[in-house]
Every structure is written in structure tokens, then in C-alpha cells.
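Each chain is listed here by its residues.
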Amino acid sequence: MSSRKASIAILAVLALVLAACGETATTTTADGGATTTSGESPTTDAGDTTTTGGDGGDGEPIVVGASLPLTGEFSIAGSKHAAGYEFCVDEINARGGLLGRPVELIVEDNRSDPEVVVSQTERFINVENVDILFGTFSSLLTFPASAVAQQNGMVYPVPSGGALRLWERGFDNMFYFQQKPAEFTGESVVNLLDYYGGEGIVDDPPTTAAVVNADDFFAQAIANGFVGGEVTIPDSDKVVDLAPGFLADAGIDLVFDEVWPIGYTDWLTLANSIRSSGAELLAIASASPDEVISLVRALQTVDYNPKAIYASQGAQTEFAEALEGGENGIFIHSVWAPTANFEGQLAGDTYTNQDFIDGYTEANGAAPDEDEAIPFAVCQGMEQAVIGAETTDNAAMIEWLRGRTEADPVKTIMGDFSWDDRGLPIGRDYLVVQWQEGTLEFVFPVGEFPGTVDFVFPKPEWQ
Amino acid sequence: MAELQVAILGLLLGGVFALMASGLTLMFGVMRVVNLAHGAFILLAAYAAFFAHDLFDIDPFISLLVIIPAMFLLGVLVYATLFPRIESSPRYVEMTVLLTFGLAFVLEGLMGFAFTGIFRTANPSYATEAFLIGDLFIPKAQLFASLLSVVLLVGLWAFLRFSRNGSGVRATMQNRSAAQIVGVNVRRVSTISFGIGMALAGASGTLLSFLFPFFPSRHWQWIAILLALIVLGGLGSLKGAIVGALLLAVLSSFVSDIFGPVWAPMTFFLVLFLMLLIRPQGLFGKELRV
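Undergrad: Explain the overall build of chain B to me, please; I cannot follow it from the model alone.
TA: What chain B contains, in helices and strands, is 11 helices and two strands. Reading the secondary structure of chain B in the N-to-C direction produces α-α-α-α-β-β-α-α-α-α-α-α-α. Taken over the C-alpha atoms alone, chain B extends approximately 60 × 45 × 35 Å along its principal axes. The proportion of buried residues among the 290 residues of chain B is 58%. By sequence separation, contacts in chain B at least 24 residues apart represent 78% of the contacts at least 6 residues apart. As displayed, chain B offers around 11,600 Å² of accessible surface, 70% of which is attributable to carbon and sulfur atoms. Distance between charge centroids for chain B: 20 Å, based on 16 positive and 11 negative side chains.

As C-alpha cells, then:
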């Protein structure tokens with residue numbers, strides 16, 4: 001029976017290997033939160049290179065390098081980031097270029113691989129001699145790429161890289177183009193409940209909360225902020241203590257706190273455990289809207305009706321389509337929205353979020369979403385830094401960017417940016433949206449731009 | 001009461017796992033084919049059920065009636081095309097592993113190309129409903145799926161027990177050469193069994209379409225769990241697959257509830273590991289009977 005034993009051994013090994021393979025099958029959107037690395041990790045860099053622009057003025061072009069995940073795990077967001085950068089460079093060239101010179105963008109595919117992003121960034125700096133770097137997508141890739149830029153004195157503007165551990169390494173070259181690190185997402189949730197409490201709408205605020213999150217970088221960071229965990233900064237003995245957490249700050253008791261693993265399927269059991277906790281507020285943190293959909297469906301099945309449900313993902317049309325009404329009342333933080341018509345600048349002129357949407361739609365035949373908008377804002381910021389510093393000398397650009405204040409900010413389609421010493425934006429709140437009867441409405445912050453409607457509380461019963 | 005609720009959820013989950021694993025263990029028992037593409041075929045059926053529901057509003061329990069025979073025929077075709085030519089190889093089992101491993105990748109690629117990588121879940125109305133009995137709830141979708149699994153498994157048992165072809169299948173499972181000597185057409189039995197295994201994959205895929213979210217590469221995760229189930233139960237043992245599925249599903253539900261969901265998937269592989277140390281032939285490994 002030795003062949004039988006051999007078969008069993010083969011199967012056992014296969015089961016374990018396949019289990020590991022299965023884990024790479026996550027999808028991410030938005031910040032991406034840098035979840036797992038792919039099982040296939042080619043370490044050499046070849047990748048496709050595309051070049052955009054170079055016809056916007058006279059003289060030597062200003063060359064920009066962007067290493068993006070066009071294939072692999074982050075390919076969807078990565079390709080959209082490339083489109084956002086390319087559109088911005090085209091817009092700059094259409095307005096006469098930068099410092100009278102055309103701008104040329106080189107995009108290379110790092111295949112979502114941290115080793116490739118490092119070698120590509122090194123080559124941009126040392127071989128291609130690019131003048132400017134544009135940031136990559138996800139915390140996972142930003143972490144090593146920004147270190148290469150720092151060693152070479154290059155500005156590293158970050159479209160996506162929300163984990164706090166990126167920002168506590170003492171670098172002076174990084175600038176974040178979203179509102180806050182992921183750890184501070186919970187602050188927007190608590191601020192919203194507090195604001196609408198004052199308005200009399202949240203008249204009976206939740207006193208207990210459950211926090212559940214996916215086992216990834218980004219989701220864990222959000223959950224950490226809610227519950228007051230600790231963040232260890234790699235390659236240092238630094239620990240950032242988030243205690244007591246935003247829930248405790250708001251006087252809400254944490255009654256349930258669990259993590260679900262990558263590739264999780266048994267949502268009913270989790271929903272049942274949450275229901276048993278009786279929490280009045282539920283916070284769901286994940287980089288994948290699909291995981292949120294699965295959990296919400298399970299919550300419906302077990303008939304758990306908390307007063308409010310916050311989710312880190314779910315602003316997509318597909319979210320409402322999949323839940324068919326189950327999304328009603330769920331609120332989500334967001335970094336960009338078409339209706340938030342911030343006034344930015346490009347080539348010294350006013351360039352609003354609406355200008356961006358119109359221009360992008362005309363050029364690409366499809367409306368943009370946040371994965372095109374954020375890189376556009378990054379590109380706007382770098383353009384203003386070159387104009388402000390009157391040079392592409394990166395030391396001067398770092399100095400200029402660090403000199404921004406709330407009164408004299410960088411002005412983008414995502415609003416005004418000025419940064420603290422770490423490179424994190426000062427005084428920015430996430431936008432909060434809520435599903436109300438099939439429409440995604442803006443509910444917070446109130447007063448920054450028109451179009452906000454009142455928050456619906458408590459969450460309507462499942463339909 | 002809370003424990004009873006967890007046990008109910010686990011049992012319902014186990015019912016579906018049992019159906020998924022039964023096809024896989026049957027294929028191994030009869031043809032010694034370690035079908036690593038089983039999960040991919042399950043997903044193929046899940047896509048069929050999903051699109052039937054999404055585009056034509058056909059309930060998965062109805063589309064089942066077409067998907068099961070279609071998958072049976074596909075199974076017959078796949079078996080006849082791929083396996084007879086390697087049958088006489090002394091390394092047959094290893095070759096089936098490689099062959100079906102490759103087949104799984106091909107299927108994954110085709111599904112990715114045809115249906116893209118986005119998550120899908122069929123959403124019939126009962127998918128988010130439950131029967132309430134006091135404080136207990138019994139999710140309708142899981143209940144219906146488990147009931148159907150029981151019906152199909154009883155049907156399979158009756159087929160193997162009472163039909164002539166079923167006797168041939170059992171004979172082949174017990175001793176392939178001896179079966180051939182006493183006049184069982186092993187090739188024919190193998191082809192039918194592969195078809196039945198695929199039909200079971202079709203049935204479980206249809207159920208999966210509304211029970212769990214899926215996308216093309218998700219099949220690796222399923223095949224990993226299924227391999228753990230059938231190794232626990234004993235390779236090639238139908239009873240083993242069913243008992244293994246129920247045991248592990250209930251156990252993982254309790255692990256999830258008590259220690260947290262992160263530990264639940266690990267339950268499968270920890271049990272697999274322990275089983276190999278203590279009783280490598282599995283729970284019902286010795287007797288290759290139904």
C-alpha cells in the first residue's frame with residue numbers, strides 16, 4: 001500500500017500549498033492597503049514602459065518617472081493611477097508645459113512587486129536621470145520606494161500609502177495626498193456622530209461598538225485607530241501608541257473586536273458572533289468592497305440591526321447593486337467624490353474638481369474615480385512645487401513643499417494640502433458618504449462645500 | 001443556546017462541504033484521479049448558475065436541473081479526452097495530479113478571460129433570509145443547500161448500492177484488476193464515475209453560487225479545503241468524505257466563534273496534519289467501501 005501512502009502524502013502537501021496559493025487571491029481597491037504579496041514574485045525588472053507627453057513647450061523636457069503596479073495584485077488601481085498621471089501631464093503640456101519646458105512621463109510596470117519597485121525607482125534616479133518622481137500605489141510598494149527616494153534626496157509624493165508606519169521613519173521627502181493615515185479614519189466616524197449629536201439627529205448615540213477587520217495592512221490600521229492599538233515602526237524601536245482609541249475617546253465601549261483571515265468564507269458564523277455581542281455601532285474595515293458585501297449579507301441573514309454601520313469600502317455602485325437595498329444607511333469614508341468641488345490650480349490658473357471630471361471624461365470617454373483623481377492631485381502638487389521653487393532641484397522643492405501652510409497651501413482638486421514634519425496633511429477630514437434609498441449622499445464634513453445632506457440615524461431596518 | 005446556534009451553522013456548512021468532497025473522493029476511489037481541477041469545475045458551475053440567475057432570473061435550484069446533466073456530459077468528455085492515454089503509465093496517480101493541476105490553471109484562465117476577476121454572488125431572495133425559532137435562526141439558503149446535498153448523497157448511495165453500474169463502480173473501487181477479470185468494463189465504469197463526480201461538482205457549484213462569493217482564482221482555496229476533508233475521511237471513502245466534512249465544518253465554526261475567525265481556516269490544516277501523524281489512512285481509509 002505504499003503507493004497509497006505516497007498519494008496521501010502528495011495530497012497533504014498539495015492541500016497546504018494550495019491553501020497558501022489561495023491566499024494570494026485577494027483583490028483590493030482604493031488605498032489598497034497593501035495586503036498580500038503575490039506568490040509569483042519575479043525579482044528582475046523588465047516591464048512595459050510607456051511614455052507620455054514631451055510636446056508642451058521648447059527645450060529639454062522635464063522627465064517624470066512613475067513605477068506603478070500595472071499588473072499583479074494591484075493592477076486595477078495601478079492602471080488607473082497611470083491614467084490619472086498621464087491625463088495631468090497632458091493637461092500641463094496643453095497649457096505650455098512647466099517652466100516653459102515640455103513634461104515627459106515615463107511609466108513602468110512594477111508588477112505589484114516590492115523588489116521591482118525598488119530597482120525601477122533606482123534606475124529612474126541613476127540611469128534615466130528623471131527630474132521628478134511620482135509615487136506608486138499601496139503602502140506595500142510605497143514603503144520601500146520612498147526609502148530609495150529619501151536616500152537620493154528626491155521628493156516622493158504619495159497618492160496611496162495610508163499606513164502610519166510609513167510616516168514615522170523620520171523622512172523629510174514624503175508628502176501625502178490623501179486626508180489622513182488610515183489609523184485616523186475612526187476620528188472622522190466619531191466626529192460625524194458627535195456633530196450630528198449636536199444637531200439633534202443622533203439623539204440616542206451608540207454606547208457600544210463592534211470592530212471587525214480583514215487581516216491586512218490597511219484594514220488593520222483603521223481598526224487600530226478605533227480600538228487604540230500600538231503601531232510598531234519597522235527598522236526602529238519606535239512604537240506609536242494610539243490608546244485609548246477613537247471609540248474610547250467618544251465614550252463608546254468596545255464589546256467585540258475580531259479579525260477575519262484572507263480568503264474568509266464563513267461570514268454567517270462571524271455575523272452570528274457580532275450579533276451575540278449586541279453592539280450598537282459596527283465598524284467594518286477592509287480594503288475589499290466584496291468582503292464588506294459578504295459580511296453585510298450575513299448580517300441581514302442573522303437579522304442583526306445595529307444603530308449604525310460604518311464600512312471602509314462600499315461607495316461603489318456595484319456595492320448597492322450587490323446588496324439590493326441592504327446598503328441603505330451604511331456610511332463610508334471617502335477620499336474623493338465628484339460632488340466635492342474643490343478648487344485646485346494648474347499652470348497658475350484655477351482648476352476645479354469639476355474641470356478635472358469634465359476634461360478626463362472627454363479625453364478618456366469614461367468618468368474618473370478616486371484612483372484617477374488622487375494621482376491627478378499628486379501631479380498638481382508637484383507642478384506647483386516646481387513653479388514655486390522655480391526649479392526642478394529636488395532639495396528646493398522639498399523646502400518649498402515643507403513651507404506650505406493652511407493659509408498658503410498646495411491647491412488641488414482634492415482640496416488644500418499643507419503637511420506636518422512627517423509629511424501628513426494638516427487639518428483635513430475624510431469625506432463621509434452614506435447610502436440613502438439607493439443614492440450615495442454626502443453627509444460629512446458639513447459646510448466645506450455645497451451638496452451635503454443630513455445623516456440618517458438610526459440605520460433603517462433591513463429591507 | 002449560543003453553542004447550539006454555532007453547531008447549526010457548522011452542520012449546514014458541513015452539508016455543502018460533504019457534497020463538494022463526495023465528487024472528489026469518488027474520482028479518486030474509482031479512477032485514482034486526484035482531480036485538482038475539481039474546485040475549478042465547481043466554480044464553472046457556479047458561474048453558470050450565477051449568470052442564469054443574474055441575466056434570466058432563473059433560481060439556482062432550477063438551473064441545477066440543467067447544470068447537473070451538462071456537467072456530467074462535460075465530465076465524460078474530459079475523461080475520455082484526457083485520461084485513457086495515461087492509464088497504463090506506472091506513474092498514473094502522479095500524472096493525474098499534474099494533468100488536473102494544469103487543467104485547473106487553464107480553466108482559471110478561461111474563466112478570468114470570460115467572466116473577469118470580480119467577485120460574484122447570486123442573490124436570490126432567500127439568500128439573506130432565515131427561519132427564526134425562538135432565539136435560534138436557521139439561514140434558508142444554507143438549509144436548502146444542505147437538504148439538497150442530503151438528497152443527492154442519498155441518491156448517490158442508492159445508485160452505488162442497488163444499480164448494476166453502481167456495483168461496477170464499487171467493484172472497481174475495491175480492486176481494479178479483479179473487477180476487470182470478473183468482467184466489469186472498467187473504462188466504462190471510470191467514465192461514468194468521472195461524469196458523476198463532475199455532476200456532483202456541478203451541483204455543489206450551483207449551491208456555492210449563492211452561498212459564497214467567488215472569482216476565478218478562488219478555486220485553489222476550495223480544493224485545499226476539500227483535500228483536507230477527504231484525507232481526514234480516508235481517500236476514496238464516500239462515508240469518510242461526508243463524516244470528515246461535517247466534523248471539520250462544525251469544528252471550524254466553534255473555533256471561529258471561540259478563538260476568532262482567523263483561526264477557522266487553520267482548523268482544516270491542523271486536523272489534516274494531526275491525522276497524518278496519528279492515522280495516515282484517514283478515518284475510514286482501510287475499507288474502500290461505500
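Undergrad: What's the story with the nonpolar core in this structure? I'm lost.
TA: As a rule of thumb, soluble globular proteins bury nonpolar side chains together. With 92 residues, the main nonpolar core has B:F17, B:F41, B:F194, B:L208 and B:L229 as its most contacted residues. Membership of the second largest hydrophobic core comes to 68 residues, among which are A:F218, A:A221, A:I330 and A:A337.

Undergrad: When you look at the state of the cysteines in this model, what are you seeing that I'm missing?
TA: Note on terminology: a disulfide is the covalent bond linking the sulfur atoms of two cysteines. All names here are of chain A. Under the defined criterion, the tally for this structure stands at one disulfide over all chains. Two residues, C88 and C379, share a disulfide whose sulfurs are 2.0 Å apart. Across the S-S bond of C88 and C379 the torsion is about -80°, and the bridge reads as left-handed. In this pair, C88 sits in helix α2 (residues 75–94) while C379 sits in helix α12 (residues 370–389), placing the two residues 291 residues apart along the sequence.

Undergrad: Honestly, the interface of chain A and chain B in this entry has me stumped. Any pointers?
TA: When the parts of a complex come together, some accessible area is lost, and that lost area is often taken as the interface size. Each partner contributes residues to the interface: chain A has 39 residues there, and chain B has 54 residues. Interface of chain A and chain B: buried area, both sides summed, is about 3,900 Å²; carbon and sulfur atoms make up 68% of it. Taken together, chain A and chain B are joined by zero salt bridges. Taken together, chain A and chain B are joined by five residue pairs in polar contact (both at pLDDT 80 or more). At the level of secondary structure, the elements contributing two or more residues to the side of chain A that touches chain B comprise α1 (2–22), β10 (253–260), α8 (267–277) and α9 (289–301) of chain A. Counting residues per element, the side of chain A that touches chain B draws most heavily on α1(A), at 13 residues. Taken together, the residues that form the side of chain A that touches chain B break down as 20 nonpolar, 12 polar and seven charged.

Undergrad: Could you clarify how one ought to interpret the sheet that holds strand β19 (residues 439–444) of chain A in this entry?
TA: Adjacent strands of a sheet form backbone hydrogen bonds with each other and so pair up, either parallel or antiparallel. Residue and element names in this part refer to chain A. Across the sheet, seven strands lie side by side as β10-β7-β11-β12-β13-β18-β19; this open sheet has mixed pairing. If you trace the sheet from one side to the other, it starts and ends with β10 and β19, each paired once. Across this sheet, the average inter-strand angle for adjacent strands is 25°, counted without regard to direction. In the sheet, strand β7 (residues 208–214) pairs with strand β11 (residues 281–285) via five bridges, with the strands oriented parallel. Note on β11: the bridge partner recorded for A210 is L282.

Undergrad: Is there a simple way to think about the domain arrangement of chain A in this case?
TA: All names here are of chain A. Each assigned domain of chain A is listed with its residue range as follows: domain 1 (49–179 + 339–417) and domain 2 (183–334 + 430–444). Taking only C-alpha atoms into account, the centre of domain 1 sits 30 Å from that of domain 2. Each partner contributes to the interface: domain 1 provides 14 residues, whereas domain 2 provides 14 residues. Summing the contributions of domain 1 and of domain 2, the shared interface buries around 1,300 Å²; its carbon and sulfur component is 69%. Looking at the side of domain 1 facing domain 2, the largest losses of area belong to L164, R165 and E168, adding up to 45% of the total buried there.

Undergrad: It is not clear to me how the pairing of strand β13 (residues 331–334) of chain A should be interpreted in this structure. Could you clarify?
TA: If a strand is regular, its side chains alternate between the two faces of the sheet. Residues and elements named next belong to chain A. Alternating positions in β13 separate into two faces, F331 and H333 on one and I332 and S334 on the other, with burial throughout. As paired strands, strand β12 (residues 308–311) and β13 are joined by two bridges and run parallel to one another. If you follow A311 over to β13, its bridge partner there is I332. In the classification by handedness, the crossover that spans β12, the intervening helix α10 (residues 317–323) and the parallel β13 is right-handed. The sheet contact formed by β13 and strand β18 (residues 431–436) spans four bridges and is antiparallel. The residue bridging H333 from the neighbouring strand is V432, located in β18.

Undergrad: Teacher, can you tell me more about the packing of aromatic side chains here?
TA: Geometrically, a pair of aromatic rings is defined through the distance of the ring centres and the angle of the planes. All names here are of chain A. In the structure shown here, the tally under the stated rule is 45 aromatic pairs over all chains. On the numbers, 6.1 Å between centres and 55° between planes, the contact of F87 with F356 is tilted. Here F87 is found in helix α2, whereas its partner F356 is found in helix α11 (residues 353–364), with 269 residues between them in sequence. Considered together, F87 and F356 belong to a single accessibility category, that of buried residues. Note on W167 and Y176: the rings are 5.2 Å apart at their centroids and 50° apart in plane angle, and the pair reads as tilted. Note on Y176: relative accessible area 1%, which makes it buried. An aromatic cluster is defined as three or more aromatic residues linked by ring pairs; in this entry it consists of Y195, Y196, F226, Y310, F331, F444, F455 and F457. The residue whose ring lies beneath R404 is W400, and the NZ or CZ to ring-centre distance is 3.8 Å. In this arrangement the basic side chain of R428 is found over the ring face of F417, its NZ or CZ atom lying 4.9 Å from the centre.

Undergrad: Quick question: what am I supposed to make of unusual backbone geometry here?
TA: For residues that are not glycine, phi is negative in most cases, and the peptide bond is trans in most cases. Going from A:F444 to A:P445, the amide bond is cis rather than trans, its omega being -5°. Relative to the assigned elements, A:P445 resides in the segment after β19. A cis geometry characterises the amide bond from A:F457 onward to A:P458, with omega recorded as -10°. The residue A:P458 is located in the segment after β19 in this model. Of note in this structure, A:L99 is not a glycine but carries a positive phi near 55°. Summarising the element assignment, A:L99 is placed in the loop between α2 and β3 (103–109). A positive phi angle is found at B:R32, which is not glycine, with a value near 55°. The topology assignment puts B:R32 in the loop between α1 (2–31) and α2 (38–56).

Rules and cut-offs
- Residues numbered from 1 in each chain as written.
- Chains lettered and ligands numbered in written order.
- Predicted model: local features only at pLDDT ≥ 70, side-chain atom pairs only at ≥ 80, totals over all residues.
- Heavy atoms only, no water.
- Helix = DSSP H or I, 4+ residues; strand = E, 2+ residues; numbered from the N terminus.
- Buried < 20%, exposed > 50% of the residue type's maximum accessible area, 1.4 Å probe, protein only.
- Contact = heavy atoms within 4.5 Å.
- Areas by Shrake-Rupley, 256 points an atom, 1.4 Å probe, with all protein chains shown as cover.
- Lys, Arg positive; Asp, Glu negative; His and termini not counted.
- Charge placed at Lys NZ, Arg CZ, Asp CG, Glu CD.
- Core = buried A, V, L, I, M, F, W, Y, C linked by side-chain atoms within 4.5 Å.
- Disulfide = S-S within 2.5 Å.
- Buried area = accessible area lost by both parts, 1.4 Å probe.
- Salt bridge = Lys/Arg side-chain N within 4 Å of Asp/Glu carboxyl O.
- Polar contact = N/O pair within 3.5 Å; in protein donor to acceptor, adjacent residues only side chain to side chain.
- Nonpolar A, V, L, I, M, F, W, Y, C, P; charged D, E, K, R; others polar.
- Pairing = 2+ DSSP bridges.
- Axes fitted to C-alpha atoms, helices over the stretch in contact; angles between N-to-C directions.
- Domains from an automatic or database assignment.
- Right-handed = clockwise from strand over helix to strand, strands pointing away.
- Phe/Tyr/Trp six-rings, centres within 6.5 Å; stacked < 30°, edge-to-face > 60°.
- Lys NZ or Arg CZ within 6 Å of the ring centre and 35° of its normal.

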